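# Descriptive structure summary
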Amino acid sequence: MTIEAWILLGVYVFTAALLFAIPREKIRLAVVAFLFKQFITFLIGLVVVEWGLLEYPVRLFPSVSRSSFTYEFFAYPLTCAIFNVWYPNNRNLLIQFMYYVAFTTVLTIGEVIIEIYTDLITYIHWEWYISWISICLTFYMTRRFCIWFFAKEHGEIY
Amino acid sequence: MQKEFVILLILWMIGIIGFFALIVRKDVRRGILAFLLFQAVIWFFDMFVFKYGLLYAPVREFPEAHEFPLTIVYFFHPLLFSIFYVYKRLNFNFIYFSIWISSITLFDVVIEHYTDLLEFRSMTWYGLWVYFGFLYYASNICCDWFYKDKSVFQVEKWGT
């Protein structure tokens, strides 16, 4: 197996292990965050590849889609689910802001390392800060959506 | 080429108008959840359907990026499922289910026959019927699970 295949496998195993970090009473919040994030990444992931901004030379289902199924269907939405279930809702704004920065930065650094050392992703007309901004923005959009979805009519505290 | 894009535009318009016309305000969250869930399910299984060449889409929105018909997979079928889910009776009704599955299979067959948006390779119309039946059944179970705890979700009471 190539290093890329091992990394893909590692991503699946690691993100699947993250499932155990979801508290039982927040499974529905995780599901909504996961699904809404997929709704975003499905379209945006295809657009950036179509416009030639990014390339995923090694990927799953290479004949069907040129975007990264692993990242856009599974790893990133699941990270977003974790982001939402552990969100420090009752803490002050600075901590909430740092929470966004921490998640976004870790994901961006991971992506940059993978970009440099493997063929899983190649930046063409792309920079690390575009990744950073888009990840942060989509986290925020998903957060707002979850808050709306679980607003007081549902009687659940998120 | 031109005809297909007009049809795609019509599908988007029918879909958006249909969603707002048919899903009443108190069911909006339920409808959106069903939409998102079905989208994830059909995305996953269509990867295999297109990988193994059961279906093919000659005319596509992003011909470089993907092989499947985006409007139909990303938007139209999830939307049909959300309308199906919001309108279904509490218990799973087989007649309603069969009529619905037959209608969307007919829709896909018509699209296949008269346009270049979809092309059957090794897929047949009854294969598609079974495939949609499976997708609907699986998504229906997932949505029912999501809403099974009535004390957590009181969507029905909201807005009444």
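Residues numbered from 1 in each chain as written. Chains lettered and ligands numbered in written order. Predicted model: local features only at pLDDT ≥ 70, side-chain atom pairs only at ≥ 80, totals over all residues.

### Section: the overall build of chain A
This is how the line gets drawn: For the purposes of this entry, the term helix denotes a DSSP run of H or I that reaches at least four residues, the term strand denotes a run of E that reaches at least two, and both are numbered from the N terminus. The globule rule is 2.2 Å times the number of residues to the power 0.38, and the radius of gyration it is compared with is taken over C-alpha atoms. Counts of 20 or more other C-beta atoms within 10 Å of a residue's own C-beta define buried residues, counts of 12 or fewer define exposed ones, and intermediate counts define partly exposed ones; C-beta atoms are placed from the backbone.
A count of helical and extended segments in chain A gives 5 helices and 2 strands. For chain A, the succession of helices and strands along the chain, N to C, is α-α-β-α-α-β-α. A compact globule built from 158 residues should have a C-alpha radius of gyration of about 15 Å, and chain A, at 16 Å, falls within 12% of that. Across its three principal axes, chain A shows a C-alpha extent of roughly 45 × 30 × 25 Å. For chain A, with 158 residues in total, the buried portion stands at 33%.

### Details of the confidence of the model for chain A
All names here are of chain A. What counts here: In predicted models, pLDDT denotes the confidence assigned by the predictor to each residue on a 0 to 100 scale. A pair of residues counts as a contact when their C-beta atoms, built from backbone coordinates, are within 7 Å of each other.
Summary statistics for chain A give a mean pLDDT of 91 and a share of 96% for residues scoring 70 or more. Looking at the elements of chain A, mean pLDDT is at its lowest for strand E1 (residues 54–55), recorded as 91, and at its highest for helix H4 (residues 93–117), recorded as 95. For the stretch residues 154–158, pLDDT sits under 50, and the model shows 12 contacts to residues farther than four places along the chain or on other chains.

### Quick look at helix H1 (residues 3–18) of chain A
As a reminder, the rule being used: Expected helix span is taken as 1.5 Å per residue step, with the number of steps being one fewer than the number of residues.
A rise of 1.5 Å per residue sets the reference length of H1(A), with its 16 residues, at 22 Å; its end C-alpha atoms lie 22 Å apart and thus fit the reference within 8%. Of all the 16 residues making up H1(A), 1 are buried; the element is thus mostly uncovered.

### Looking at the nonpolar core
What counts, and what does not: Note on terminology: a nonpolar core is a set of buried residues of type Ala, Val, Leu, Ile, Met, Phe, Trp, Tyr or Cys, with members joined through C-beta atoms within 7 Å.
Formed by 64 residues in total, the largest nonpolar core has its most connected members in Ala33(A), Leu35(A), Ala34(B), Leu36(B) and Leu37(B). Sorting the residues of this core by element identifies helix H2 (27–50), helix H3 (69–85) and helix H5 (128–149) of chain A together with helix H2 (28–51), helix H3 (70–87), helix H4 (94–114) and helix H5 (125–146) of chain B as the ones contributing at least two each. Top contributing element to this core by residue count: H2(B), with 13 residues. When residues no more than four places from it in sequence are discounted, the contact partners of Leu35(A) are Leu36(B), Leu37(B) and Ala40(B). One finds Leu46(A), Val49(A), Leu54(A) and Tyr56(A) within the second-largest nonpolar core, a separate group that totals 6 residues.

### Some thoughts on the environment of Ala34(B)
Residues and elements named next belong to chain B. As for its placement among the helices and strands, alanine 34 is situated in helix H2. Judged by C-beta crowding, with 27 C-beta atoms within 10 Å, alanine 34 ranks as buried. Spatially, the C-alpha atoms of alanine 34 and tyrosine 85 are 6.7 Å apart, while their sequence positions differ by 51 residues. With residues up to four places along the chain from it excluded, the contact list for alanine 34 reads Phe81, Ser82, Tyr85, Val86 and Cys143.

### Observations regarding the interface of chain B and chain A
A common way to report how large an interface is uses the accessible area buried once the components associate. The test is simple: Each residue is assigned to one of three groups, with Ala, Val, Leu, Ile, Met, Phe, Trp, Tyr, Cys and Pro labelled nonpolar, Asp, Glu, Lys and Arg labelled charged, and all others, Gly among them, labelled polar.
On the chain A side, the residues contacting the 24 residues of chain B number 24 residues. Put simply, the parts of the chain that give the side of chain B that touches chain A at least two residues each are H2 and H3 of chain B. Tallying contributions element by element places H2(B) first for the side of chain B that touches chain A, with 10 residues. For the side of chain B that touches chain A, the class distribution of residues is 17 nonpolar, 3 polar and 4 charged.

### A short note on unusual backbone geometry
Trans is the common state for peptide bonds, and a negative phi is the common state for residues other than glycine. Residues and elements named next belong to chain A. One non-glycine residue with positive phi stands out, namely phenylalanine 61, at about 50 degrees. In this structure, phenylalanine 61 sits in the loop between E1 and H3. For phenylalanine 61, a count of 18 C-beta atoms within 10 Å translates into the label partly exposed.

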